[in-house]
Amino acid sequence: MLIPDIIIAIDGYSSTGKSTFAKRIAAEVSFLYLDSGALYRAVTLYSIEKGVISPSGEIDRQSLCRALQGLDIHFEDKGDGSMTYIGDRCIEGEIRTLAVSDKVSPISAVPEVRDFVDDRLREFGRRKRVVMDGRDIGTTVFPDAELKIFMTADQMVRARRRADEMKRRGETVDFDEVLKNIRERDFIDSHRETSPLSMAEDAIVLDNSDMTIDEQMDWFRRLVAERFPVREC
Ligand code: DC
């Protein structure tokens, strides 16, 4: 599908399938896919390893700011989507564990962390033709994005999806813990002072509680065909 050079911002709650949807869209329209949550997760992993965040969640903000200087996070496309790296170390698996999920909301609430990530995202978006998923892409990072989608789904459905994803990776899963983590993250993400999760006024809502990924793609194709000049390739 050929569409104009635009930025597609996909925001929404955690575990709504944003990355699966965004990757499929990127493949469909031949755009670059960027997972902004992976950057926050990478900073969180690094913070845990550097002892900048304690097991109880207290953050040493000065050390965190120091640690951000010279932190080299980047993506490499190995054919099946982008993999997240710190330096030459692939951290794609480690950033998806519960240990990181547990600490990512407080770390991503730190203004200096948000500035660090936003700078990198804007750099990627300069040439357009990107699909970016996150929490504040359409509101803060790219308020002028030409297409904004806001994804939501029932909390139980999201917890089941996250638990299945973790099982597939061979992790031991306590469903109640996963559900608790999703509830807590929804709360912190929507109530933090800096860039809280909120829907842009011009975003279109997609509630995919009862939708398969193919149905979501049909929805996307219809939406794009209504809004932009589209050519099939
Ligand atoms: O999409 P995800 O679950 O991988 O994101 C991990 C965390 O990163 C999420 O709890 C909130 C934070 N995040 C954010 O604050 N802003 C973004 N644009 C993307 C993610």
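Everything discussed here concerns the structure shown above.
Residues numbered from 1 in each chain as written. Predicted model: local features only at pLDDT ≥ 70, side-chain atom pairs only at ≥ 80, totals over all residues. Heavy atoms only, no water.

(A) The overall build of the protein, seen in detail. For the protein, the count of helices and strands is nine helices and eight strands. For the protein, the C-alpha radius of gyration of 17 Å lies close to 17 Å, the compact-globule estimate for 233 residues. Counting all 233 residues of the protein, 50% fall into the buried class. Partitioning the contacts of the protein with sequence separation of at least 6, the portion at a separation of at least 24 is 74%. Entry remark: accessible area of the protein is about 11,500 Å², with carbon and sulfur atoms responsible for 48%. (Helix = DSSP H or I, 4+ residues; strand = E, 2+ residues; numbered from the N terminus. Rg over C-alpha atoms; globule rule 2.2 N^0.38 Å. Buried < 20%, exposed > 50% of the residue type's maximum accessible area, 1.4 Å probe, protein only. Contact = heavy atoms within 4.5 Å. Areas by Shrake-Rupley, 256 points an atom, 1.4 Å probe, with all protein chains shown as cover.)

(B) Inspection of the sheet that holds strand β2 (residues 32-35) at higher detail. What the five strands build is an open sheet, ordered β2-β6-β1-β7-β8; its pairing is parallel. Each edge of the open sheet carries a strand with a single partner, namely β2 and β8 (204-207). Averaged over all adjacent pairs, the angle separating strand axes in this sheet is 20 degrees, with direction ignored. Summarising the sheet, strand β7 (residues 147-152) and β8 pair through four bridges and their orientation is parallel. (Pairing = 2+ DSSP bridges. Axes fitted to C-alpha atoms, helices over the stretch in contact; angles between N-to-C directions.)

(C) Summary view of the packing of helix α7 (residues 155-168) against helix α8 (residues 175-191). Where α7 meets α8, the closest approach of the two axes is 9 Å, and the angle between their N-to-C directions is 125 degrees. Viewed along their axes, α7 and α8 adopt a mutual orientation that is oblique. Along this stretch, α7 crosses α8, giving a crossing that reads as right-handed. Across the interface between the two elements, Gln-155, Met-156, Arg-158, Ala-159, Arg-160, Arg-162, Ala-163 and Met-166 of α7 pack against Phe-175, Val-178, Leu-179, Ile-182, Arg-183, Arg-185 and Asp-186 of α8. Residues belonging to the contact of α7 with α8 are distributed by class as follows: eight nonpolar, one polar and six charged. (Parallel < 35°, antiparallel > 145°, perpendicular 65-115°, else oblique. Left-handed = near helix turned anticlockwise from the far one by under 90°. Nonpolar A, V, L, I, M, F, W, Y, C, P; charged D, E, K, R; others polar.)

(D) Structural context of the site of the ligand. In the neighbourhood of the ligand, 15 residues make up the surrounding shell, with Arg-41, Arg-114, Arg-135, Asp-136 and Arg-192 lying closest. Ser-36 has a polar side-chain atom sitting 3.1 Å from a nitrogen atom of the ligand. Out of a free accessible area of 440 Å², the ligand has 96% covered by protein chains. Elements with a minimum of two residues in the shell around the ligand: α2 (36-49), α4 (98-108) and α8. (Near = heavy atom within 4 Å. Polar contact = N/O pair within 3.5 Å; in protein donor to acceptor, adjacent residues only side chain to side chain.)

(E) Region of interest: the side chain of Ser-82. You can see Ser-82 is positioned in strand β4 (residues 82-86). Judged by its relative accessible area of 16%, Ser-82 falls in the buried class. Look past the residues within four positions of Ser-82 in its chain and what remains in contact with it is Tyr-33, Phe-75, Glu-76, Asp-77 and Glu-92.

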